[in-house]
Amino acid sequence: MSNMRELYQEVILDHNKRPRNFRRLEEANRTANGFNPLCGDKIALYLNVEDGIIKDISFEGLGCAISTASASMMTQTLKGKSIEEARRLFHSFHDMVTCGGGRPECPPDCPALGKLEAFSGVCEFPVRVKCATLAWHTLNAALEGKDDPVTTE
Ligand code: ZN
């Protein structure tokens, strides 16, 4: 059913062309860098977290359409969410882009992904899964306060 045209849905192309929250966040108190050597995608993620809430989130980076759009839509989705909600969304997202095969620990009350469902076609293209999840892995590292750059390998 899926083909490359469906993979690169309009919404993905739009976010790639005009990434949202694409800037350095001066008041960031959590940051992390991610790298996907398979594709060459790079991302720097900035978060301002207060009282367990993601007050602001932004990113900079250079990568393919999937990785840029994924980071852009992730920042849009997570602004104002709690860290707990962000973690659950990560599980839902990861589950979706691996065709349900990646996260057995995904709780039964996994939150709905809304616009992020644009990436559901990615699961047919295993190489692209790392592009789509790079921003989310980087988010995890930022929330856990890891200093080492994340790689998807
Ligand atoms: Zn990529």
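Residues numbered from 1 in each chain as written. Predicted model: local features only at pLDDT ≥ 70, side-chain atom pairs only at ≥ 80, totals over all residues. Heavy atoms only, no water.

1. Looking at the pairing of strand E2 (residues 41-50)
Thought 1: Counting buried positions along E2 gives 8 out of 10 residues, so the element sits mostly inside the fold.
Thought 2: Two strands pair when backbone bridges link them, and strand E1 (residues 30-36) and E2 are joined in this way by 7 bridges, in the antiparallel orientation. Bridge pairing in E2 places Gly34 opposite Ile43.
Thought 3: Linking E1 to E2, which pair antiparallel, is a turn of 4 residues; within it Gly40 sits at a positive phi near 90°.
Thought 4: Two strands pair when backbone bridges link them, and E2 and strand E3 (residues 53-62) are joined in this way by 9 bridges, in the antiparallel orientation. What sits directly across from Leu47, in E3, is Ile57. (Buried < 20%, exposed > 50% of the residue type's maximum accessible area, 1.4 Å probe, protein only. Helix = DSSP H or I, 4+ residues; strand = E, 2+ residues; numbered from the N terminus. Pairing = 2+ DSSP bridges.)

2. Digging into the sheet that holds E2
Thought 1: Spatial ordering of the open sheet is given by E3-E2-E1-E4, a layout of 4 strands whose pairing is mixed. Where the open sheet ends on each side, the last strands, each with one partner, are E3 and strand E4 (150-151).

3. Brief notes about the nonpolar core
Thought 1: Counting 40 residues, the largest nonpolar core has Leu47, Leu78, Phe93, Phe119, Trp136 and Leu139 as its most contacted members.
Thought 2: Put simply, the parts of the chain that give this core at least two residues each are E2, E3, helix H3 (65-78), helix H4 (83-97) and helix H5 (126-144).
Thought 3: Among the elements that make up this core, the one with the highest residue count is H5 (10 residues).
Thought 4: The residues touching Leu139, leaving out its near neighbours within four places in the chain, are Leu45, Leu47, Ile57, Met74, Leu78 and Ala86. (Core = buried A, V, L, I, M, F, W, Y, C linked by side-chain atoms within 4.5 Å. Contact = heavy atoms within 4.5 Å.)

4. Some words on the side chain of Ser82
Thought 1: Within the element layout of this structure, Ser82 appears in the loop between H3 and H4.
Thought 2: For Ser82, a relative accessible area of 16% corresponds to the buried category.

5. Looking at the side chain of Ser70
Thought 1: Relative to the helices and strands, Ser70 is located in helix H3.
Thought 2: In terms of polar contacts, Ser70 uses its side chain to reach the backbone carbonyl oxygen of Ala132, at 2.6 Å.
Thought 3: Apart from the residues lying within four places of it in its own chain, the contact partners of Ser70 are Phe93, Phe119, Cys131, Ala132 and Trp136. (Polar contact = N/O pair within 3.5 Å; in protein donor to acceptor, adjacent residues only side chain to side chain.)

6. Digging into the coordination of the zinc ion
Thought 1: Within the protein, Cys39 (SG), Asp41 (OD), Asp41 (OD), Cys64 (SG) and Cys131 (SG) serve as the donor atoms for the zinc ion, at 2.2 to 2.7 Å.
Thought 2: Spacing between the donor residues of the zinc ion along the chain follows C-x1-D-x22-C-x66-C. Separated by 23 residues along the polypeptide, Asp41 in strand E2 and Cys64 in the loop between E3 and H3 bring together distant segments of the chain. One exposure class covers both Asp41 and Cys64, and it is buried. (Donors = N, O, S within 2.8 Å, 3.2 Å for Na, K, Ca; no water.)

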